[in-house]
Amino acid sequence: MIKIHTKTFIGAALTAALVMTAPALAQQGWNEGGGEQDEALTLTPNLENGIEVYEVCAACHLYEGWGQTDGTFPQLAGQHKNVTIKQLADIRALNRDNPTMYPFALPESIGGAQSIADVAAYIATLPMNPEPGLGPGTDLELGKKLYVENCVRCHGENGEGIPEKYYPRIQGQHYNYLIRQFEWIRDGKRRNANPDMVKQIQGFSDKDMSAVMDFVARQKPPAEDLGEPGWENPDFE
Ligand code: HEC
Ligand code: HEC
């Protein structure tokens, strides 16, 4: 049985994180794996510990894992376990810059590879936000066309991703977060980006980017993966 966890206030830790910055780091190839990523992928997840670890994450990503509609904090709920493991390992290894979150992602805060496996598996079970932040809705035809031509082969027909290849689920993610990642990937600021994706999106104008991301934010996850509006995570109270 999963016990109910008490919500704790970690505002002080949060403030500390915001003033800390992560050291800059070296370039690596895409998804070379190794180290913690490989280890976490092979471990059997313990969901009870996943809840325990997730308590730390909830301060920013919320107990539901739904993030903020303004895109400050992404939705995590429903992301593929493999993808979350890769992102966490990358953030810890400073292969993806995330100064806000970095101190909370460290082994001192959450533990080793087992904790990564646990929290990633827990996140994958969370129902997704049915009301993500959306774009202006003015260029959806263009967005659809661009999506079909440039994104389907990796992110799938409906933005569902490909877990075995570490291609993220992007459907129903907050528009502003999507835009930020897209710019960072296009402009080389997100170091763990897939080089083939970088190539694929080089020619995108800001209008193209806005159109395709608005389309992606509006892609509906399957009904069984969606939460009800206002759902509160019963694992915490
Ligand atoms: C202090 C706030 C904060 C805390 C605490 C935090 N995060 Fe984050 N997280 C962020 C921010 C901000 C981003 C987006 C960074 C960016 O725009 O690239 C992010 C991004 C992520 C991503 C990448 C999402 C994607 O779609 O690629 C993952 C995975 C993630 N967080 C997991 C976690 C987990 C697991 C925990 C708990 C162990 C956690 N975060 C704790 C702020 C936080
Ligand atoms: C060659 C495969 C490929 C193509 C084509 C591709 N992507 Fe990606 N995309 C990826 C991979 C792999 C990642 C994750 C990179 C990493 O490991 O951090 C990613 C990451 C992303 C992210 C960040 C997700 C997150 O949660 O942070 C967004 C947004 C995105 N892609 C949108 C798009 C859109 C829109 C298109 C089409 C215009 C596109 N991608 C085309 C492979 C691809």
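Residues numbered from 1 in each chain as written. Chains lettered and ligands numbered in written order. Predicted model: local features only at pLDDT ≥ 70, side-chain atom pairs only at ≥ 80, totals over all residues.

What follows concerns the overall build of the protein. Scanning the protein for helices and strands turns up 12 helices and 0 strands. Sequence-ordered secondary structure for the protein, helices as α and strands as β, is α-α-α-α-α-α-α-α-α-α-α-α. Counting all 237 residues of the protein, 40% fall into the buried class. The long-range share in the protein, meaning contacts at least 24 apart out of those at least 6 apart in sequence, stands at 82%. (Helix = DSSP H or I, 4+ residues; strand = E, 2+ residues; numbered from the N terminus. Buried ≥ 20, exposed ≤ 12 C-beta atoms within 10 Å, placed from the backbone. Contact = placed C-beta atoms within 7 Å.)

Moving on, we get to unusual backbone geometry. Positive phi, close to 70°, is recorded for Leu 62, a residue that is not glycine. Mapping Leu 62 onto the fold places it in the loop between helix 3 (47–61) and helix 4 (81–92). The residue Tyr 166 is not glycine, and still its phi comes out positive at about 70°. The class of Tyr 166 is buried, set by 20 C-beta atoms lying within 10 Å.

Note that an α-helix has 3.6 residues per turn; residues three or four places apart therefore point the same way. In this model helix 10 (residues 175–186) runs 16 Å from its N-terminal to its C-terminal C-alpha over 12 residues, within 8% of the 16 Å that 1.5 Å per residue would give. Within helix 10, burial applies to Tyr 175, Asn 176, Tyr 177, Leu 178 and Phe 182. Where the residues of helix 10 are buried, they touch helix 11 (195–201) and helix 12 (206–217). Directly beyond the C-terminal end of helix 10, a positive phi value near 80° is found at Gly 188. (Expected span 1.5 Å × (residues − 1).)

Taken together, 23 residues surround ligand 1, and among them Cys 57, Cys 60, Gln 87, Met 101 and Phe 104 come closest. Counting residues per element, the ones that place at least two in the shell around ligand 1 are helix 1 (11–19), helix 3, helix 4 and helix 5 (102–105). Per-element tally for the shell around ligand 1: the top contributor is helix 3, with 6 residues. Tallied by class, residues from the shell around ligand 1 come to 17 nonpolar, 5 polar and 1 charged. (Near = placed C-beta within 6 Å. Nonpolar A, V, L, I, M, F, W, Y, C, P; charged D, E, K, R; others polar.)

The full set close to ligand 2 counts 23 residues, and Cys 151, Cys 154, Asn 194, Asp 196 and Met 197 are the nearest of them. For the shell around ligand 2, the secondary structure elements donating two or more residues are helix 8 (140–150), helix 9 (152–155), helix 10, helix 11 and helix 12. In terms of residue count, helix 11 provides more of the shell around ligand 2 than any other element does, 4 residues in total. Here the shell around ligand 2 is composed, by residue class, of 14 nonpolar, 6 polar and 3 charged.

With 12 residues, helix 12 extends 16 Å between its outermost C-alpha atoms, agreeing within 8% with the 16 Å of an ideal straight helix rising 1.5 Å per residue. Listing the buried residues of helix 12 in full gives Ser 210, Ala 211, Val 212, Met 213, Asp 214, Phe 215, Val 216 and Ala 217.

With that out of the way, let us pick up the packing of helix 3 against helix 7 (residues 113–125). The relative placement of two packed helices is expressed as an angle between their axes plus a distance between the axes. Contact geometry for helix 3 and helix 7: axes closest at 7 Å, N-to-C directions at 85°. When the axes of helix 3 and helix 7 are compared, the pair comes out roughly perpendicular. Contacts from Leu 47, Asn 49, Gly 50, Ile 51, Val 53, Tyr 54 and Cys 57 of helix 3 reach helix 7 at Ser 115, Asp 118, Val 119, Ala 121 and Tyr 122. Partitioned by chemical class, the residues of the contact of helix 3 with helix 7 number 8 nonpolar, 3 polar and 1 charged. (Axes fitted to C-alpha atoms, helices over the stretch in contact; angles between N-to-C directions. Parallel < 35°, antiparallel > 145°, perpendicular 65-115°, else oblique.)

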